[in-house]
Every structure is written in structure tokens, then in C-alpha cells.
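Letter by letter, the chains look like this.
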Amino acid sequence: MKQELLDVSLETNIKKEEGYLKALAYKLSKSQDDAQDLLQDTWVRIIENYPTYDNRNKFRSWASVIMKNIFINNFRSGKRKGVSVDIEYAKVCVDDNRRAEYIDKFIYKAINNLPHEMSAVFYLYLKGYAYEEIAHLMSIPLGTVKSRIFCTKKRLQAILKPIYEDDSN
């Protein structure tokens, strides 16, 4: 049963992000054939590693990191001869991934520092549960769920505002 849920979840995520990953593969490789190879290598790696996928992170981000890492590894190892590569873009991809990982850790740390009644509801919200499902799971009124999520978002905005202000400078 658990394997079936994994398979359905994987299939759903693949269908949802297929177009985005195709475009990213082409942007990285600049060639239709190389993009197709990169995409296929990425799908293989995603399927192999999906059981270790952490639902706290977005599938798109996780899959993009996998693709970018494969691209960089292939480039370094010389697998793609004659490929036109934007080195600066590849460097930016690596830097963006590191920054995103830092921000994710910072956000989760901020959430963990909130009162438990707020963080518990917000984690369920982040995992994609509907407000009604959260209310049922937590045995609290629907209005309380909405209020806690709203208040948590406001607190996180205040906590994270300095990070995003730094990005605009």
C-alpha cells in the first residue's frame, strides 16, 4: 500500500512538473538532443531517489536541484562534448540552490520557534492539507485553523522581511 501511494505521488508530481523540467533542461543544455538526454537522466535519478524525497520541500525545487547537479556533473566530466553552455548561468544555479537551502532552513527554524499550536497547524498547511482536514485532524474549529494560519503567515513575514529586503539591494 505504501509503495502504491509513493507511485501515485511520484506520477502526480512528474505530470505536474514535466513542462517546467523540459524547459529547464533546454535552458541549461541549449540543444534539443542534449536537453532530452538531461531530462531522461533526471527522471531516472528522481525515480531512484523518490523514496527519500522530503515532502517539506517542493517537488519542483527538489527535481530542479537534481537536474542542475546532473548537468554540472556531466559538464565537469566532459560527457557533453561541443555543448554550448552558459557557465555564468550554471554558477548562478548552484548559488541559487545554496541560497534556497539556507532560506528553507531559516524558514523552518522560524516556524519551529513559534508556539506549538501555531506551528503544528502551519506544518499541516504546508504539507497541502485543506483547512477542513486540518480542523478535523487537530480537533479544533475551522475558524481557529484559518486564524492560526493567517497569524503564522504574518509572523513569518515579519521575521523574514530582513532577508527579502537584502535581496532587493
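Given the structure is predicted, the values throughout are model-derived calculations rather than measurements.

**Remarks on the confidence of the model for the protein**
Of all residues in the protein, 73% attain a pLDDT of 70 or more, and the chain-wide mean is 78. The least confident element of the protein, judged by mean pLDDT, is helix H4 (residues 87-112) at 67; the most confident is helix H6 (residues 131-138) at 89. Counted against residues more than four places away or in other chains, residues 80-84, with its pLDDT under 50, gives 10 contacts.

**Regarding the pattern of salt bridges**
Counting across every chain of the model gives 3 salt bridges. We note a salt bridge from Glu-11 to Lys-15, for which the minimum N-O separation is 3.1 Å. Here the residue Glu-11 and the residue Lys-15 both occupy positions in helix H1 (residues 2-29), the gap between them amounting to 4 residues, near one helical turn. The exposure class of Lys-15 is exposed, given its relative accessible area of 59%. When the shortest N-O distance is used, the salt bridge between Lys-22 and Glu-18 registers 3.9 Å. Linking Lys-22 with Glu-18, this pair stays in helix H1, spanning 4 residues, or about one helical turn.

**Re the nonpolar core**
Grouped together as the largest cluster of nonpolar side chains are 21 residues, with contacts concentrated most on Leu-21, Leu-38, Ile-46, Phe-59, Trp-62 and Met-67. Contributions of two or more residues to this core are made by H1, helix H2 (32-49) and helix H3 (59-77). Per element, the largest residue contribution to this core is 8 residues, and it comes from H3. Excluding anything up to four places from it in sequence, Phe-59 contacts Asn-13, Ile-14, Glu-17, Ile-46, Tyr-50 and Tyr-53.

**Examining helix H5 (residues 116-126)**
Those residues of H5 lying buried are Met-118, Ser-119, Ala-120, Val-121, Phe-122 and Leu-124. One or two steps after H5, the chain reaches Gly-128, where phi turns positive at roughly 100 degrees.

**Let's talk about the packing of aromatic side chains**
Tallying each qualifying case throughout the model produces 5 aromatic pairs. Taking the centre distance of 6.1 Å and the plane angle of 65 degrees together, the rings of Tyr-50 and Phe-59 count as edge-to-face. We classify Phe-59 as buried; its relative accessible area is 4%. With 6.2 Å between their ring centres and 70 degrees between their planes, Tyr-50 and Trp-62 make a pair best called edge-to-face. Of this pair, Tyr-50 sits in the loop between H2 and H3 while Trp-62 sits in helix H3; the two residues are 12 residues apart in sequence, bridging distant segments of the chain. Taken together, Tyr-50, Phe-59 and Trp-62 form an aromatic cluster joined through their ring pairs. Here the guanidinium or amino end of Arg-60 rests over the ring plane of Tyr-20, the centre of that ring lying 4.0 Å away.

How each quantity is defined
Along each chain, numbering runs from 1 in the same order as the chain's sequence is written. Local features are withheld for residues below a pLDDT of 70 in this predicted model, meaning they are given only at 70 or higher, and side-chain atom pairs are given and counted only at 80 or more; totals for whole chains, interfaces and linings count all residues. Remark: hydrogens and water are excluded; side-chain values derive from all non-hydrogen atoms of the structure. The predictor rates its confidence in each residue with pLDDT, a number between 0 and 100. Only DSSP runs of H or I reaching four residues or more are called helices, and only runs of E reaching two or more are called strands; each is numbered from the N terminus. Throughout, a contact is declared for two residues whenever any of their heavy atoms are within 4.5 Å. By definition here, a salt bridge exists when the distance from a side-chain nitrogen of Lys or Arg to a carboxyl oxygen of Asp or Glu is within 4 Å. Each residue is assigned to one of three classes by its accessible area relative to the maximum for its type, calculated with a 1.4 Å probe on protein chains only: buried under 20%, partly exposed between the two thresholds, exposed over 50%. For the purposes of this section, nonpolar cores are sets of buried Ala, Val, Leu, Ile, Met, Phe, Trp, Tyr and Cys residues that join through side-chain atoms within 4.5 Å. In this analysis, rings of Phe, Tyr and Trp, with Trp reduced to its six-membered ring, are considered paired at centre separations within 6.5 Å, and the interplanar angle assigns stacked below 30 degrees, edge-to-face beyond 60, and tilted for intermediate values. Lysine NZ or arginine CZ positioned within 6 Å of the ring centre and within 35 degrees of the ring normal marks a charge as sitting over the ring.

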